[in-house]
Amino acid sequence: MAANAIDQTRRMLSLVTYLRERPGAHVADVARAFGITEDELISDLDVLPMCGTSFRGGDLLDIDTDGDRIWWHNADASGESTAEPLRLAADEATSLLVAARAVATLPGLRESDRDALLRATAKLEAAAGEAAGASSRLSVTFESEGGVFADVDRAISERRRLWLRYYSPARDELTERTVDPIRLFAVGHTYLEGWCHLSEARRTFRLDRVAEIRLLDERAEPPAIEPRDLSEGLVQPAAEDPEVVVEVGPGGRWVAEYYPHDSAEELPDGGLRIVLRSPDPASLRRLALRLGRDGRIVSPPELAQSARRAATEALAGYGEQV
């Protein structure tokens, strides 16, 4: 079963102890010990060097890998026998207290987690002294995505089905769906991967496009499928997906860097003729509108015509507003 965000945090904390006791451990052995793929382990290892007792030099975990073995270069310096007592600066204590109080107000947070967080906050307030007083005058309000994240995380932990009202930009419409959640992950944005009963297939939902969410009492029972391999990015077109040809000028060359493609042929004006694939070619109309004069869809003909019509309607609407 895929881990949720809290399970991943627990795993990474265990990983620190595991690696300290096994210098030069093999990537394959560590992945096997934790029941994850090697790509998931490498992803965790990319995060660990940003962790430590502080952001001062030498306090962050100096961990890297050559793809085969894992090396922790300052494990002794961060060991319990030599580590200095943790001392928080006033700004660090204030930031922690403000963040902890904000997280404690998230809807959907499990009561056991909320109680643990409040107990930790109380201890931090006592240790922070005057800084705690400053933090009480500050507050943070999360946008809606924070509440969605908490509800999804809770649904994964409790194995409950979700009801969503979800915005699809490709079709420019809201749809209602019931979803058996599988996991949360982040690739630029935060996503829910789950089994969608409307589509009767695995689907990925961007959290900031969830207009409304409810936890249902029904038990979530997604099919036993392997989580998607995201090592090559979120968008991974299949060979059988329809082919789309886009021509861009010099100002649109970024398309070849952003979108996976089969080929990119240089054009005389410094632009590119890009051949790519998409399971939903109609979604590329938004790309054509974004490119404007810097690009156009060449084929398939029906998509090119649809993109031109969308551009004409957008310009007409702009003219009416002006």
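Above this text sits the structure in question.
Remember, it's a predicted structure, so these values are computed and weren't measured experimentally.

## Side note on the overall build of the chain
Logical step 1: Helix and strand counts for the chain come out as 10 helices and 11 strands.
Logical step 2: Considering only contacts within the chain whose residues lie at least 6 apart along the sequence, 55% involve residues at least 24 apart.
Logical step 3: Total accessible area on the chain is roughly 19,500 Å²; 51% of this is exposed by carbon and sulfur atoms.

## Some details on the packing of helix α2 (residues 27-34) against helix α3 (residues 38-47)
Logical step 1: The geometry of α2 relative to α3 is characterised by a closest axis approach of 9 Å and an angle of 100° between their N-to-C directions. Of the possible angle classes, the one that applies to α2 and α3 is roughly perpendicular. For the pair α2 and α3, the contacting residues are V27, A28, V30 and A31 in the first and E38, L41 and I42 in the second.
Logical step 2: By residue class, the composition of the contact of α2 with α3 is six nonpolar, no polar and one charged.

## Overview of the pairing of strand β10 (residues 272-277)
Moving residue by residue along a regular strand, the side chains alternate between the two faces of the sheet.
Logical step 1: As judged from the six bridges shared by strand β8 (residues 243-248) and β10, these two strands associate in the antiparallel manner. Across the sheet, E247 pairs through a bridge with R273, a residue of β10.
Logical step 2: The sheet contact formed by strand β9 (residues 263-266) and β10 spans four bridges and is antiparallel. Its bridge partner being in β10, S263 is matched across the sheet by V275.
Logical step 3: Between β9 and β10, which follow one another and run antiparallel, lie five residues, and G270 among them has a positive phi close to 95°.

## Thoughts on the packing of aromatic side chains
Logical step 1: Taken as a whole and assessed by the stated rule, the structure comprises three aromatic pairs.
Logical step 2: Lying across the ring of Y18, R22 places its NZ or CZ 3.8 Å from the centre.
Logical step 3: Over the aromatic face of W163 sits the side chain of R214, whose NZ or CZ is 4.0 Å from the ring centroid.

## Thoughts on a negative patch on the surface
Logical step 1: A surface patch of negative charge is lined by E38, D39, D62, D64, D66 and D68.
Logical step 2: Here D39 lies in helix α3.
Logical step 3: On the basis of relative accessibility, which here comes to 41%, the residue D39 falls in the partly exposed class.

## Concerning the pattern of salt bridges
Side-chain pairing between opposite charges can occur once the charged atoms of the two side chains come close.
Logical step 1: Under the criterion given, the structure shown has 19 salt bridges.
Logical step 2: Here D29 and R32 are joined by a salt bridge, their closest N and O atoms 3.0 Å apart. Of the two residues, D29 and R32 both sit in helix α2, three residues apart, roughly one turn of that helix.
Logical step 3: Of the residues examined, D29 reaches a relative accessible area of 38% and is grouped as partly exposed.
Logical step 4: Of the residues examined, R32 reaches a relative accessible area of 61% and is grouped as exposed.
Logical step 5: For D208, the salt bridge identified is with R206, shortest N-O distance 2.8 Å.
Logical step 6: Of the residues examined, D208 reaches a relative accessible area of 38% and is grouped as partly exposed.
Logical step 7: One continuous salt-bridge network, built from bridges that share partners, spans R154, E158, R160 and D217.

## Here we look at the side chain of R183
Logical step 1: Mapping R183 onto the fold places it in strand β4 (residues 173-187).
Logical step 2: R183 sits in the buried class, given a relative accessible area of 9%.
Logical step 3: A distance of 2.6 Å separates the side chain of R183 from the side chain of E193, its partner in a polar contact.

## Side note on the pairing of strand β5 (residues 189-196)
Logical step 1: The element β5 is largely enclosed, with a buried count of six among its eight residues.
Logical step 2: Inspection of the sheet shows β5 paired to strand β6 (residues 201-206) by six bridges, in the antiparallel sense. Opposite E193, over in β6, you have T204 as the bridge partner.
Logical step 3: Turn length for the β5-β6 hairpin, with the two strands adjacent in sequence and antiparallel, is four residues, and the turn residue E200 shows positive phi of about 55°.

## Things to note about the sheet that holds β5
Logical step 1: Taken in spatial order, the five strands of this open sheet run β6-β5-β4-β3-β7, and their pairing is antiparallel. Because the sheet does not close on itself, it has two edges, and the strands there are β6 and β7 (210-219). Neighbour to neighbour, the strand axes of the sheet diverge by 45° on average, direction disregarded.
Logical step 2: Bridging between strand β3 (residues 160-168) and β7 involves six bridges; their strand directions are antiparallel. Paired with L164 across the bridge in β7 is I213.

Reading guide: rules and limits
- Residues numbered from 1 in each chain as written.
- Predicted model: local features only at pLDDT ≥ 70, side-chain atom pairs only at ≥ 80, totals over all residues.
- Heavy atoms only, no water.
- Helix = DSSP H or I, 4+ residues; strand = E, 2+ residues; numbered from the N terminus.
- Contact = heavy atoms within 4.5 Å.
- Areas by Shrake-Rupley, 256 points an atom, 1.4 Å probe, with all protein chains shown as cover.
- Axes fitted to C-alpha atoms, helices over the stretch in contact; angles between N-to-C directions.
- Parallel < 35°, antiparallel > 145°, perpendicular 65-115°, else oblique.
- Nonpolar A, V, L, I, M, F, W, Y, C, P; charged D, E, K, R; others polar.
- Pairing = 2+ DSSP bridges.
- Phe/Tyr/Trp six-rings, centres within 6.5 Å; stacked < 30°, edge-to-face > 60°.
- Lys NZ or Arg CZ within 6 Å of the ring centre and 35° of its normal.
- Patch = residues over 30% accessible without salt bridge, like charges linked within 9 Å, V, L, I, M, F, W, Y side chains within 5 Å.
- Salt bridge = Lys/Arg side-chain N within 4 Å of Asp/Glu carboxyl O.
- Lys, Arg positive; Asp, Glu negative; His and termini not counted.
- Charge placed at Lys NZ, Arg CZ, Asp CG, Glu CD.
- Buried < 20%, exposed > 50% of the residue type's maximum accessible area, 1.4 Å probe, protein only.
- Polar contact = N/O pair within 3.5 Å; in protein donor to acceptor, adjacent residues only side chain to side chain.

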